[in-house]
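Structural overview for review
Single-letter residue listing:
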Amino acid sequence: MAELQVDDLPTALTVVCALVLVVAVGCAVFVAVDVVRHPPRMRVMALVWPLTMLFGSVVWLVFYLRRGRATVDGHGRWAGTAIDTSHCGAGCALGDLVGEFGLVAVPALGTLVGLGTLYQDRIVAGWVVDFVIAFALGIVFQYWSIAPMRGLGLRDGLVAALKADTLSITAWQVGMYGLMAVWQFVVFPSLFGGRVGVLTPEFWVAMQLAMVAGFVCSYPVNAWLVRRGLKEAM
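First things first, this report covers the structure right here in the doc. By convention here, each chain's residues receive numbers from 1 onward along its written sequence. Only residues with pLDDT of at least 70 are given local features in this predicted model, and only at 80 or more are side-chain atom pairs given and counted; all residues enter the totals for whole chains, interfaces and linings. Think of the side-chain values as coming from all heavy atoms in the structure, minus any hydrogens and water.

**Some details on the side chain of Ser218**
Numbering of helices and strands runs from the N terminus; a helix is a DSSP stretch of H or I covering at least four residues, while a strand is a stretch of E covering at least two. Checked against the element boundaries, Ser218 lands in helix α7 (residues 201-227). To sort residues, take the accessible area from a 1.4 Å probe on protein chains only and compare it with the maximum for the residue type: under 20% means buried, over 50% means exposed, and anything in between is partly exposed. Residue Ser218 is classed as buried on the basis of its relative accessible area, which comes to 0%. N or O atoms closer than or at 3.5 Å make up a polar contact, with two conditions inside protein: a donor-capable atom paired with an acceptor-capable one, and, for residues adjacent in sequence, both atoms drawn from side chains. Within the local environment of Ser218, its side chain forms a polar contact with the side chain of Asn222, the two groups lying 2.9 Å apart. When neighbours within four sequence positions are excluded, Ser218 is seen to be in contact with Thr85, Cys88, Ser168, Ala171 and Trp172. Two residues qualify as a contact provided that any one of their heavy atoms is within 4.5 Å of a heavy atom in the partner residue.

**Comments concerning the pattern of salt bridges**
Just to be clear on terms, a salt bridge is a Lys or Arg side-chain nitrogen sitting within 4 Å of an Asp or Glu carboxyl oxygen. All chains considered together, the criterion is met by three salt bridges. Taking the shortest distance from any N to any O, the salt bridge between Asp34 and Arg69 comes out at 2.7 Å. Here Asp34 is found in helix α1 (residues 11-37), whereas its partner Arg69 is found in the loop between α2 (45-68) and α3 (77-105), with 35 residues between them in sequence.

**Quick look at the packing of helix α6 (residues 154-192) against α7**
All axes here are fitted lines through C-alpha atoms, helices being fitted over the stretch that makes contact, and every angle between N-to-C directions spans 0 to 180 degrees. Between α6 and α7, whose axes approach to 7 Å, the crossing angle comes to 145°. Note on packing geometry: the crossing formed by α6 with α7 is right-handed. In the scheme used here, Gly and all other residues not listed as nonpolar or charged are polar, with Ala, Val, Leu, Ile, Met, Phe, Trp, Tyr, Cys and Pro taken as nonpolar and Asp, Glu, Lys and Arg as charged. Of the residues contributing to the contact of α6 with α7, the split by class is 21 nonpolar, six polar and two charged. Helix crossings fall into two classes, left-handed where the near helix is turned counterclockwise from the far one by less than a right angle and right-handed where it is turned clockwise.

**A short note on the environment of Ala46**
Structurally, Ala46 is set in helix α2. The exposure class of Ala46 is partly exposed, given its relative accessible area of 27%. A C-alpha to C-alpha distance of 7.2 Å links Ala46 and Ala32, two positions 14 residues apart in sequence. Once residues within four sequence positions are removed from consideration, Ala46 is found in contact with Val35 and Pro40.

**Overview of α2**
Here α2 spans only 9 Å end to end across 24 residues, well under the 34 Å set by a 1.5 Å rise per residue. The axis of α2 is deflected most strongly, by about 130°, at Gly56. Helix span is expected to be 1.5 Å times the residue number reduced by one. One fitted axis covers the seven residues ending at a residue, a second covers the seven starting there, and the bend at that residue is the angle between these axes.

**What to know about the side chain of Asp96**
Tracing the chain through its elements places Asp96 in helix α3. Under this rule, positive means Lys or Arg and negative means Asp or Glu; His and the chain ends count for nothing. Among buried Asp, Glu, Lys and Arg side chains, Asp96 stands out as unpaired, with Arg122 the closest opposite charge at 11 Å. Those residues in contact with Asp96, other than ones at most four positions away along the chain, are Asp130, Gln173, Met176, Trp204, Met207 and Met211.

Rendered as structure tokens:
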């Protein structure tokens with residue numbers, strides 16, 4: 001199926017999607033500055049919060065200011081679970097950015113993950129690369145949350161991080177890939193006659209919405225992990 005680029009898509013749609021992305025980046029910059037002025041108690045959140053703005057945009061900015069900011073006292077159960085879920089989503093957001101642009105810059109990455117031998121569709125290669133990077137980053141982020149709180153060493157901290165985030169990251173990616181599949185295999189071909197390419201604003205706005213679907217799928221998993229004591233409540 002053809003992969004559409006910017007010139008193949010309606011100009012007005014591209015402009016609107018570009019503006020949506022600019023707003024999200026603006027939210028990320030604002031929060032990046034704010035966490036320097038108001039450092040969070042958990043240091044890794046200084047990275048997590050700006051990354052979540054890239055997909056959550058204005059909605060996550062309001063949530064951050066009302067519930068997540070260092071100057072806010074207490075979160076409440078639902079907000080704490082939302083922060084936990086956003087925490088694993090930050091790794092997914094960064095993993096998707098690195099993975100998708102990395103595959104464009106170095107197409108040989110697709111071959112390394114089976115493109116051309118195990119399957120022929122580039123979009124599958126992107127999902128594999130994204131998942132591997134997102135999973136690794138999510139575990140690193142969780143390690144820097146859980147190890148300091150529990151006073152764990154490297155080995156024990158990594159084991160605890162794997163127990164805490166493996167299911168939640170997987171749930172996030174399933175929800176995200178599910179909606180991206182709908183966009184790329186159904187919606188975009190029906191509207192425009194093909195899939196949208198990574199270098200289009202439309203792709204990344206679709207990814208923003210897919211990330212929100214990932215949040216919805218991961219939220220109940222995070223709540224369960226906290227109840228079981230496998231994950232620290234934020």
